Amino acid sequence: MAPAIAVGGGDMPVFEGRITVYVVACVIIAAFGGLMFGYDIGISGGVTAMDDFLERFFPRVYEKKKHAHEDNYCKYDNQFLQLFTSCLYLAALIASFVASRVCSKQGRRPTMQIASFFFLVGVVLTSAAFHISMLILGRLALGIGVGFANQAVPLFLSELAPAKIRGALNISFQLFITIGIFIANMVNYAMSNVHPYGWRLSLAIAGVPALFLCVGSMSICETPTSLIERGRLEEGRVVLQRIRGVANVDNEFDSIVHACEMANQVTKPFSKLMKRSSRPPLVIAILLQVFQQFTGINAIMFYAPVLFQTVGFGSEASLLSAVITGLVNVFSTLVSVYAVDKAGRRALLLEAVVQMFITQSIIGIILAIWLKPTGSLNKVEAIIVVVLVCVFVMGFAWSWGPLGWLIPSETFPLETRTAGFAFAVSTNMLFTFLVAQAFLSMLCNMKAGIFFFFAAWIVVMGLFAMFLLPETKGVPVDAVTERVWKQHWFWKRFMDEEDVKPAAKAPSGIHPHLT
Ligand code: BGC
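About the cut-offs
- Residues numbered from 1 in each chain as written.
- Predicted model: local features only at pLDDT ≥ 70, side-chain atom pairs only at ≥ 80, totals over all residues.
- Heavy atoms only, no water.
- UniProt positions renumbered as here; feature names shortened; annotations may be inferred.
- Helix = DSSP H or I, 4+ residues; strand = E, 2+ residues; numbered from the N terminus.
- Rg over C-alpha atoms; globule rule 2.2 N^0.38 Å.
- Buried < 20%, exposed > 50% of the residue type's maximum accessible area, 1.4 Å probe, protein only.
- Core = buried A, V, L, I, M, F, W, Y, C linked by side-chain atoms within 4.5 Å.
- Contact = heavy atoms within 4.5 Å.
- Disulfide = S-S within 2.5 Å.
- Near = heavy atom within 4 Å.
- Polar contact = N/O pair within 3.5 Å; in protein donor to acceptor, adjacent residues only side chain to side chain.
- Areas by Shrake-Rupley, 256 points an atom, 1.4 Å probe, with all protein chains shown as cover.
- Salt bridge = Lys/Arg side-chain N within 4 Å of Asp/Glu carboxyl O.
- Expected span 1.5 Å × (residues − 1).
- Bend = angle between axes of the 7 residues up to and from the residue.
- pLDDT = per-residue confidence, 0-100.
- Patch = residues over 30% accessible without salt bridge, like charges linked within 9 Å, V, L, I, M, F, W, Y side chains within 5 Å.
- Axes fitted to C-alpha atoms, helices over the stretch in contact; angles between N-to-C directions.
- Parallel < 35°, antiparallel > 145°, perpendicular 65-115°, else oblique.
- Left-handed = near helix turned anticlockwise from the far one by under 90°.
- Nonpolar A, V, L, I, M, F, W, Y, C, P; charged D, E, K, R; others polar.

Under an unreviewed UniProt entry, the name given to the chain is Major facilitator superfamily (MFS) profile domain-containing protein, and the organism recorded is Citrus sinensis. Word for word, the UniProt comment on the chain under Sequence similarities (unreviewed entry) is "Belongs to the major facilitator superfamily. Sugar transporter (TC 2.A.1.1) family." Taken from UniProt, the Subcellular location (unreviewed entry) comment for the chain reads in full: "Membrane".

Next up, the structure:
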């Protein structure tokens, strides 16, 4: 059975309840899963730029780096070094399929507990590593943690949040990711001067949020939806009363029961997802993730310090620059929280396409003209590159970053939403893996051309957003089939009558649910 979660729509009836302290506490604890994910994204680039770390585990890269004048673009090109960063996403990709079952059969809370357990194992293995195999094993354990957390946390947040703040809460997950990346950047900056074990401390500090998630996840509740869908109706009601802070939760309770009944009817959401009528949201969910990664964002998030060293900054200045881009990332995400329901999804995505295309292209031009395989940029040119990277990150952070997650969560009809979202998560992990694994080699082979490669993809995604991506701002989630897909000039052809079950209508006074 597909798990059912409650989500909000534009014209949603109001349920009784308030935003209780307990809900806020649960949400913050769960969002630490996102913070862990962000920390892992941000930490590896800085650590792989630290000499002590390289000397110990990647002596050949270290030697090459010392003779940097050999070739600027190829300083760090080493498959094992990239594997250190990327294997986490491969583990997460596989783990997310297991996690989706655990999440559905055992609940969100145990899934998060399992995530925090793997996070802790990963932190111990990586920070205490004395051999490269221990490092890789540790990153794999962290990846399993990410797979479990990314499956459970967004569901948990959606199900726990009062309907009226559900949209903003969805983007809060991304906000915590960016905070995690930023903290990792700062930690790397602080640890770069701690010899010889700064890198160990950088990796060990991940233990703080992991421990917090571990202890915290014991004190949070299971979501009412998860309890009810597993037949624990009365427990579900009690939890609902507790999180809403009112005794009368009948309407919301009924609506969750209704959603769970609907979920029960679709016994094979994955086969339903393969039907022609599911094509539009499925294609869009997958392409959004592919495009999100082909903006080149993670080339910057993972390797910013490495990239900044490539353009000629010293080790410390590079880490500082990464701190600055991390900060820009956090604050620009806040713009999205504010603008997404006002300006709409398409406006943000299209504006960002222009911004990201221009910045990637100019970075490419500057490097192509001034950064030769030997020598480095002068100070002004290098600073211009950092500013351009910041403007690029800004564009991503208020558009393709959060919306890559938000849109797939609101465009699937009731019966395939969770299964469809699982596709979005795994596609994200797969393409994150590919970028992480390939970027340094691509930089070495394509040199400045790599930035034109990303710029070209940005043009493609711009055309996609312009012609194929419908606007979903303000459309109730259960009306997307009727009001979006059936009206769209291209996607309506997939909506032949016999294949499309009308979107399930929630009884009046009951808000839409997703299964
Ligand atoms: C992406 C990550 C990326 C992060 C940057 C997320 O939406 O999925 O891959 O590193 O944004 O803030």
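Peer 1: What exactly am I supposed to notice about the overall build of the chain here?
Peer 2: A tally of helices and strands in the chain yields 22 helices and two strands. For 515 residues, the compact-globule formula gives about 24 Å, and the C-alpha radius of gyration of the chain, at 23 Å, lands near that figure. For the chain, the spread of C-alpha atoms along the principal axes amounts to about 70 × 50 × 35 Å. When the 515 residues of the chain are sorted by exposure, 63% land in the buried category.

Peer 1: How do you make sense of the nonpolar core when you look at a structure like this?
Peer 2: For soluble globular proteins, nonpolar side chains are generally found buried alongside one another. Membership of the largest hydrophobic core comes to 147 residues, with the highest contact counts inside it found for F53, F119, L367, W400 and F439. The element that contributes the greatest number of residues to this core is helix α1 (residues 21-48), accounting for 15 residues. Ignoring any residue separated from it by four or fewer positions in sequence, one finds W400 in contact with L288, F291, Q292, L349, A352, V353, M356, M461, F464 and A465. Core analysis: the next-biggest nonpolar cluster, separate from the first, contains six residues, L282, A285, F412 and A419 among them.

Peer 1: I keep staring at the state of the cysteines and nothing clicks. Help me out?
Peer 2: Among covalent bonds in proteins, the disulfide is the one between the sulfur atoms of two cysteines. Taken as a whole and judged by the stated rule, the model has one disulfide. As a non-bridged cysteine, C26 has C221 as the owner of its nearest cysteine sulfur, 4.2 Å distant. Accessibility expressed as a relative area gives 1% for C26, which makes it buried.

Peer 1: Hey, could you run me through the site of the ligand in this one?
Peer 2: Near the ligand lie 13 residues; those nearest to it are Q174, Q292, N298, N329 and W405. Here N329 contributes a side-chain N or O atom positioned 3.0 Å from an oxygen atom of the ligand. Note that an oxygen atom of the ligand is positioned 3.4 Å from one of the backbone N or O atoms of G401. In isolation the ligand exposes 310 Å². Once the protein is present, 100% of that is buried. Elements that contribute at least two residues to the shell around the ligand include exactly α7 (166-191), α14 (279-294), α15 (297-310) and α19 (400-411).

Peer 1: Explain the environment of S336 to me, please; I cannot follow it from the model alone.
Peer 2: Here S336 lies in helix α16 (residues 315-339). Residue S336 is classed as buried on the basis of its relative accessible area, which comes to 0%. The sequence separation of S336 and A168 amounts to 168 residues, and the corresponding C-alpha distance is 9.0 Å.

Peer 1: What am I meant to see in the side chain of T325 here?
Peer 2: Positionally, T325 belongs in helix α16. T325 sits in the buried class, given a relative accessible area of 2%. Other than its neighbours up to four places away in sequence, T325 contacts F308, V389, C390 and V393.

Peer 1: In this structure, what is going on with the pattern of salt bridges? I would like to understand it.
Peer 2: Close approach of charged atoms allows side chains of opposite charge to pair. According to the stated counting rule, one finds 10 salt bridges in the structure shown. The shortest N-O distance in the salt bridge between E482 and K486 comes to 3.2 Å. Note on E482: relative accessible area 32%, which makes it partly exposed. Note on K486: relative accessible area 22%, which makes it partly exposed. A network of salt bridges, in which partner residues are shared, links R108, E159 and E229.

Peer 1: Would you mind going over helix α4 (residues 79-105) with me for this structure?
Peer 2: The periodicity of an α-helix, 3.6 residues per turn, causes residues three or four places apart in sequence to face the same way. For α4, spanning 27 residues, the distance from its first C-alpha to its last is 38 Å, which sits close to the expected 39 Å at 1.5 Å a residue. Within α4, the axis deviates most sharply at T85, by approximately 45 degrees. Note on α4: the residue one or two positions beyond its end, G107, has a positive phi of about 115 degrees.

Peer 1: When you look at the confidence of the model for the chain in this model, what are you seeing that I'm missing?
Peer 2: When pLDDT is low, close inspection of the predicted coordinates is not appropriate. Of all residues in the chain, 92% attain a pLDDT of 70 or more, and the chain-wide mean is 85. Note on residues 1-12: pLDDT under 50 across the span, and 57 contacts to partners over four residues away in sequence or across chains. Predicted confidence for residues 500-515 stays below pLDDT 50, and this span has 61 contacts to residues more than four positions away or in other chains.

Peer 1: Whenever I open this one, a nonpolar patch on the surface confuses me. Can you help?
Peer 2: A contiguous nonpolar patch, built from V354, F357, I358, I362, V459, L463, M466, F467 and W489 and spanning about 830 Å² of accessible area, is present on the exposed surface. Within the residue set of the nonpolar patch, elements represented by two or more residues are α17 (345-370) and α21 (449-467). Looking at the element boundaries, M466 is found in helix α21. For M466, a relative accessible area of 43% corresponds to the partly exposed category.

Peer 1: When you look at the packing of α15 against α16 in this model, what are you seeing that I'm missing?
Peer 2: The relative placement of two packed helices comes down to the angle between their axes together with the axis-to-axis distance. In the contact formed by α15 and α16, the axes pass within 8 Å of each other and the chain directions differ by 140 degrees. Classified by the interaxial angle, the pair formed by α15 and α16 is oblique. In this structure, α15 crosses over α16, and the sense of that crossing is right-handed. Of the residues in α16, those touching α15 at M301, A304, P305, F308 and Q309 are S315, S318, L319, S321, A322, T325 and N329. Partitioning the contact of α15 with α16 into residue classes produces six nonpolar, six polar and no charged.

Peer 1: Can you walk me through α14 in this structure?
Peer 2: Taking 1.5 Å of rise per residue, 16 residues should cover 22 Å, and α14 covers 22 Å from first to last C-alpha, within 8% of that figure. Taken across its 16 residues, α14 has 12 buried, putting it largely inside the fold. When α14 is considered as a whole, its buried residues turn out to be P280, P281, L282, I284, A285, L288, Q289, V290, F291, Q292, Q293 and F294. The inward-facing, buried residues of α14 abut α13 (269-273), α15, α18 (379-397), α19, α20 (417-446) and α21.

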